[in-house]
Amino acid sequence: MMTNGNGKTGPKLTLWEKLYFPEIIHGMSITIRAFFRPKFTRQYPEERWTPPPVFRGRPVLVMEDETKVERCVACGLCARVCPSLAIEVQAAETELDKERYPERFEINMLRCIFCGFCEEVCPEEAIIMSKDFEITFTDPRDAIFGKEKLLIPASHLKDRLEFLKQYR
Amino acid sequence: MIAIEALIKIVILLLVVLGIVAYLVLLERKVSAYMQDRIGPNRVGPKGLFQPIADILKLILKEMIVPEKANSFIHALAPIISITVAVGALAVIPFGNYIVIGGQKISLMIANVNIGVLYILAMSSLGVYGITLSGWASNSKYSLLGGLRSSAQMISYELSLGLSLIGVFMIDRTLQLDRITMAQSMGLWNIVYQPLGFLVFVTAAFAETNRLPFDLPEAEPELVGGYHTEYSGMRWGLFFLSEYTNMIVSSAVMVSLYFGGWSLPYVNYAAMAPNLAALVQVVTFFAKLGVIIFIFMWVRWTLPRFRYDQLMNVGWKVMLPLAILNLLGTGAVLLAVK
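Only a predicted model underlies this, so the values are computations on that prediction, with no experimental measurement involved. (Residues numbered from 1 in each chain as written. Chains lettered and ligands numbered in written order. Predicted model: local features only at pLDDT ≥ 70, side-chain atom pairs only at ≥ 80, totals over all residues.)

1. Topic: the overall build of chain A
Defined as follows: The way it works is that DSSP assigns letters per residue, a run of H or I at least four long becomes a helix, a run of E at least two long becomes a strand, and they are numbered from the N terminus. When we talk radius of gyration, it's over C-alpha atoms, and the globule rule is simply 2.2 Å times the number of residues to the 0.38. In this scheme the burial state of a residue depends on its C-beta neighbours within 10 Å: 20 or more other such atoms mean buried, 12 or fewer mean exposed, and anything in between means partly exposed; the C-beta positions come from the backbone. Here the contact rule is simple: place C-beta atoms from the backbone, and any two residues whose C-beta atoms are within 7 Å are in contact.
Within chain A one finds six helices and six strands. Counted from the first residue to the last, chain A has its helices and strands arranged as α-α-β-α-β-β-α-β-β-α-β-α. On C-alpha atoms alone, chain A measures out to a radius of gyration of 27 Å, which is more than a quarter above the 15 Å that the 2.2 N^0.38 rule sets for 168 residues. For chain A, the spread of C-alpha atoms along the principal axes amounts to about 90 × 40 × 40 Å. Evaluated residue by residue, chain A yields a buried proportion of 17% over its 168 residues. In chain A, once contacts between residues fewer than 6 apart in sequence are set aside, the share between residues at least 24 apart is 68%.

Set out below in structure tokens:
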């Protein structure tokens with residue numbers, strides 16, 4: 001067993017180290033170098049960050065650019081797979097080719113855990129994770145995002161759609 | 001007339017020092033941030049310069065809570081002792097030589113006491129009362145432990161602090177800080193003659209001001225907050241201010257005793273107009289003070305805290321013998337030179 005000369009275990013110190021002051025000056029040279037190193041703090045509200053496509057922000061519904069119609073066919077798989085039961089879908093019939101559409105589509109952002117299962121399970125690539133991570137509300141009732149907040153044009157979500165194509 | 005002069009000097013010094021103290025807190029936060037790859041406070045005012053004002057405003061507006069079973073009189077008295085003693089020690093520090101107003105020489109120190117340094121040592125030893133009493137009066141085990149540690153620490157370091165300074169007194173044959181400064185402005189700075197004594201003094205000064213690596217009385221991880229656990233609002237603020245004032249006092253003593261005080265080598269003050277010379281001297285003094293205070297902060301954000309037994313070991317088994325060795329060595333050399 002190693003002792004440090006005080007009867008306690010630990011690395012054996014050389015005389016140089018036992019003198020304290022040389023080692024203190026060594027330590028101080030490290031901190032002074034850190035002092036002059038460039039800082040990489042992002043000044044958040046002024047300097048914004050654009051996340052890369054892998055980023056899982058709040059889930060949104062993809063809306064086709066030309067027709068302004070959501071891709072969702074209200075199959076309910078996302079609501080089914082959602083581990084935190086954040087999604088609620090109410091389906092209804094429509095004249096369009098897809099025959100079904102979500103009459104009501106709500107995500108409770110207080111429950112959402114940003115796992116991305118809804119996106120993974122969706123057969124239509126209709127619900128995907130966006131880059132939006134600045135989600136705030138002052139009233140829990142505002143936390144339930146309806147279709148008006150969830151529908152985002154596909155052209156705004158290009159990055160993520162491209163990314164998903166690579167991995168499917 | 002002398003009383004009025006002294007009163008004016010006291011008011012000016014108090015305002016200046018308390019202003020500096022407020023900004024030292026900001027400086028400390030900035031220094032710590034830069035050493036940890038952060039930026040530090042920069043939101044209040046331009047570059048965060050109004051942060052101290054916001055801090056003090058907050059402290060004044062906060063409620064001062066007194067624990068139910070505390071001794072409320074001593075609880076209130078302790079921070080007052082701390083700050084009074086800390087500020088009081090500034091009275092004998094020469095910030096410059098003298099200024100001339102209306103043909104009268106006015107010396108730039110408040111009280112020219114002939115036991116100068118001894119008075120400072122006495123004042124800083126009294127400072128331990130503030131801490132110990134606050135620990136006792138709070139009726140909380142953490143505060144009490146902090147107070148006890150503080151008194152034990154003071155006993156182990158006061159001795160080597162005093163002994164390390166004797167070398168300087170032997171060389172300059174006076175206890176008055178202005179005369180010591182004067183003597184250094186003629187010849188070499190005392191640090192050249194007393195490197196060992198300086199090292200012992202610096203280490204003891206760190207312990208004296210309760211700063212890392214010797215801040216055992218307020219060791220947060222072990223003692224919650226140490227002696228000021230049960231304090232809040234401006235009473236807590238007074239402890240905070242007195243810690244930083246103590247730092248200024250220690251640095252000022254260090255500058256005056258070892259680094260030539262307000263004097264600079266190769267500068268002929270007699271050739272300048274007296275008031276200009278005084279200005280240069282004051283600026284020099286505060287520049288030196290700033291460097292020492294930066295070193296205080298630099299050390300604080302570099303070193304970890306000593307364990308209690310390590311502190312005692314260093315105090316009694318290393319510092320004290322070194323201080324005595326320095327004393328004997330200085331005496332032997334002085335005898336040989338004579």
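Now that the structure has been shown, we can carry on.
2. Regarding the sheet that holds strand 3 (residues 100–108) of chain A
Residue and element names in this part refer to chain A. Under the convention used in this document: For two strands to pair, DSSP has to find at least two bridges joining them.
The antiparallel open sheet is built from three strands, whose spatial order is 2-3-5. Each of the sheet's edge strands pairs with one partner strand only, and the pair in question is strand 2 (87–93) and strand 5 (144–145). Where strand 2 lies against strand 3, seven bridges are found, and the strand directions are antiparallel. The residue bridging valine 89 from the neighbouring strand is phenylalanine 105, located in strand 3.

3. A closer look at the nonpolar core
The condition is simple: The nonpolar core criterion groups buried Ala, Val, Leu, Ile, Met, Phe, Trp, Tyr and Cys residues into a set whenever they are joined through C-beta atoms within 7 Å.
Among the nonpolar cores identified, the biggest contains 77 residues, and Ala204(B), Ile248(B), Val249(B) and Met254(B) are the most heavily contacted of them. Residue contributions to this core peak at 15 residues, all from helix 10 (residues 233–258) of chain B. Excluding residues within four positions of it along the chain, Ile248(B) makes contact with Val17(B), Ile20(B), Val21(B) and Leu289(B). Counting 23 residues, the second-largest nonpolar core is a separate cluster that includes Val60(A), Met63(A), Ile128(A) and Leu150(A).

4. Concerning helix 11 (residues 274–300) of chain B
Residue and element names in this part refer to chain B. In plain terms, the rule: To estimate the expected span of a helix, count its residues, drop one, and scale the result by 1.5 Å.
Helix length check: helix 11, at 27 residues, gives a terminal C-alpha distance of 39 Å against a target of 39 Å (1.5 Å per residue), a fit within 8%. Regarding helix 11, the residues found buried are Ala277, Ala278, Gln281, Thr284, Phe285, Lys288, Leu289, Ile292, Ile293, Phe296 and Met297. Looking at the buried residues of helix 11, the elements they touch are helix 1 (2–35), strand 1 (98–101) and helix 10.

5. Side note on the pairing of strand 1 of chain B
Residues and elements named next belong to chain B. Of the pairings in the sheet, the one linking strand 1 to strand 2 (residues 104–107) comprises four bridges and is antiparallel in character. Looking across to strand 2, one finds that tyrosine 98 is bridged to serine 107. Count of turn residues in the strand 1/strand 2 antiparallel hairpin: two residues, of which glycine 102 carries a positive phi of about 60 degrees.

6. Some remarks on the interface of chain A and chain B
Convention followed: Three residue categories are used. Nonpolar comprises Ala, Val, Leu, Ile, Met, Phe, Trp, Tyr, Cys and Pro, charged comprises Asp, Glu, Lys and Arg, and polar comprises the others, including Gly.
The interface is formed by ten residues belonging to chain A together with ten residues belonging to chain B. Of the residues assigned to the side of chain A that touches chain B, the class counts are five nonpolar, three polar and two charged.

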